[in-house]
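Chain by chain, the residues run as shown.
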Amino acid sequence: MKYLPLNEISEEMFLAHAIFGNDGRILLTKGTRMTPSYLQRLERMEYTHLYVYESPDEEWDCTGPLGDKIRVEAIRILRESLIRVVERKPLNELLISFIVEGLLKDVLQQEDRVFDIIDIKTPDNYLYNHSLNVAVISVLMGRQLKLEQEELKELAIGAFLHDLGKAYIKAAIKKLQALSAMDSAQIKQHTKRGLDILRTSFSLKVANIAYQHHEREDGSGYPLGLIGVDIPLAAKIVGIADSFDAMVSNPAYGELLWNDQALEKLAAESPAKYNRTVVQALRQSVALYPVGSMVELTGGEQRVVVAVSATKIVLQNPEKISDLLELPVTEFSRIEKRVL
Ligand SMILES: [Fe+2]
């Protein structure tokens, strides 16, 4: 399996994951041969990278901690929620709660699970996939920080809906794109709007996640400029998960970072902007080298990461796909660096 830019994908390769439309329809199934017409179609949809297999017999999974079924349902409910907000209708809190329980079950069922993929987003599906990833990463971090089940659920709901206040920004609903180009004063209002929307359907704790996820330890955040001791743990978790996911996959920020670079950047900005313990929880919740990364071992050998968890990593020989090397966590230090 490889993670490649679109222009390096050829007709001899096969899609390693399904491609979904924002309405939940499957557009291309996993295993589809990458014909020029499919590639053109994906390029028009503004995909820049994809996971591909070089042989149809490869079976490595690159869907991340969430199954396709819950992913599709979650995106559907998020889309519906944004529309409901714009139409000033109440949120369907029972359905949201039900979906979030499914998400928690998927994410927490495997004890050594980490966020192991490079998530593939386009400007069109960015807000949906980002919201979902922030929920998944926040739950993994919450587990590291030993939150109780009920706290994890509130964290997951708040994380999943943390940017719901962006529904009022026209571009967000028309073309659900990354919003960095928007007027920043208008963007900043999404936190207060998120609070107002969520407090009618959920607890104040959940609503405050939307309100406070842009607050920073040194008081440089918004909307209130709170300092560390006044920011609730859940908002710190979601704030860090949000920054991480944006760094690795927001196409509007230009140069995307790899996981190791983003983790380094967040560590460098702690404790000034980000709480050190919470950044440490992120470090334990996401793969340093996600599936599809090419790494160099001590001695110079290069291998592709095809599976990774908190306890082991599986490395494939790029020249011979049946040649696999499994390293337990105690031998992770044999990985020297990521190769670009
Ligand atoms: Fe936000």
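### Considering the pairing of strand β6 (residues 294-297)
1) Next: One ladder, built from 3 bridges, connects β6 with strand β7 (residues 302-308); its direction is antiparallel. Each bridged residue has a counterpart across the sheet, and for Met-294 the counterpart in β7 is Val-304.
2) Next: Here β6 folds back onto β7, and the loop between the two strands holds 4 residues, one of which, Gly-299, carries a positive phi near 110 degrees.

### So, the domain arrangement of the protein
1) Next: Domains assigned within the protein are domain 1 (2-53), domain 2 (68-283) and domain 3 (294-338).
2) Next: Inter-centroid distance (C-alpha atoms) of domain 1 to domain 2 is 27 Å.
3) Next: Taken together, the 13 residues of domain 1 in the interface contact 15 residues of domain 2.
4) Next: Taken together, the two surfaces of domain 1 and domain 2 that pack against each other cover about 1300 Å², and 60% of this comes from carbon and sulfur.
5) Next: Between domain 1 and domain 2 we count 0 salt bridges in total.
6) Next: For the pair domain 1 and domain 2, the number of links is 1 residue pair in polar contact (both at pLDDT 80 or more).

### What to know about empty space enclosed by the protein
1) Next: In this structure the tally under the stated criterion is 6 cavities of 30 Å³ or more.
2) Next: Taken together, 20 residues form the lining of the largest cavity, with His-17, Ala-18, Arg-71, Ile-120 and Asn-129 sitting closest to its centre.
3) Next: For the lining of the largest cavity, the secondary-structure elements that each account for two or more residues are β3 (19-20) and α2 (68-86).
4) Next: Among the elements that take part in the lining of the largest cavity, α2 stands out by supplying 3 residues, more than any other.
5) Next: Partitioned by chemical class, the residues of the lining of the largest cavity number 11 nonpolar, 6 polar and 3 charged.
6) Next: When we break the lining of the largest cavity down by domain, the ones giving at least three residues each are domain 1 (2-53) and domain 2 (68-283).

### What to know about the packing of helix α3 (residues 93-108) against helix α5 (residues 149-160)
1) Next: One way to put it is that α3 packs onto α5 with a least axis distance of 10 Å and a crossing angle of 115 degrees. Taken as axis vectors, α3 and α5 run roughly perpendicular relative to one another. Seen along the crossing, α3 lies across α5 with a hand that is right-handed. Residues Ile-96, Ser-97, Val-100, Glu-101, Leu-104 and Leu-108 of α3 touch α5, and the partners they reach there are Gln-149, Leu-152, Lys-153, Ala-156, Ile-157 and Phe-160.

### A word on the pattern of salt bridges
1) Next: This model, assessed by the stated rule, comprises 20 salt bridges.
2) Next: Note that Glu-54 and Lys-2 form a salt bridge whose closest N and O atoms lie 3.5 Å from each other. Residue Glu-54 is found in the loop between β5 (49-53) and α2, and its partner Lys-2 is found in strand β1 (residues 2-5); the two are separated by 52 residues along the sequence.
3) Next: We classify Glu-54 as partly exposed; its relative accessible area is 35%.
4) Next: As a salt-bridge pair, Lys-192 and Asp-196 come within 3.0 Å of each other at their nearest N and O atoms. One end of the pair, Lys-192, and the other, Asp-196, are both in helix α7 (residues 184-199), 4 residues apart, so they sit about a helical turn from each other.
5) Next: Of the residues examined, Lys-192 reaches a relative accessible area of 39% and is grouped as partly exposed.
6) Next: Classification of Asp-196 by relative accessible area gives partly exposed; the value is 34%.
7) Next: Residues joined in a network through salt bridges with shared partners are Asp-119, Lys-121 and Asp-245.

Thresholds applied
Residues numbered from 1 in each chain as written. Predicted model: local features only at pLDDT ≥ 70, side-chain atom pairs only at ≥ 80, totals over all residues. Heavy atoms only, no water. Pairing = 2+ DSSP bridges. Helix = DSSP H or I, 4+ residues; strand = E, 2+ residues; numbered from the N terminus. Domains from an automatic or database assignment. Contact = heavy atoms within 4.5 Å. Buried area = accessible area lost by both parts, 1.4 Å probe. Salt bridge = Lys/Arg side-chain N within 4 Å of Asp/Glu carboxyl O. Polar contact = N/O pair within 3.5 Å; in protein donor to acceptor, adjacent residues only side chain to side chain. 1 Å grid on protein atoms, 1.4 Å probe; cavity = no way out; pocket = protein on both sides within 12 Å on 5 of 7 lines; lining within 4 Å. Points joined across faces, edges and corners; volume = space filled by probe spheres on them. Nonpolar A, V, L, I, M, F, W, Y, C, P; charged D, E, K, R; others polar. Axes fitted to C-alpha atoms, helices over the stretch in contact; angles between N-to-C directions. Parallel < 35°, antiparallel > 145°, perpendicular 65-115°, else oblique. Left-handed = near helix turned anticlockwise from the far one by under 90°. Buried < 20%, exposed > 50% of the residue type's maximum accessible area, 1.4 Å probe, protein only.

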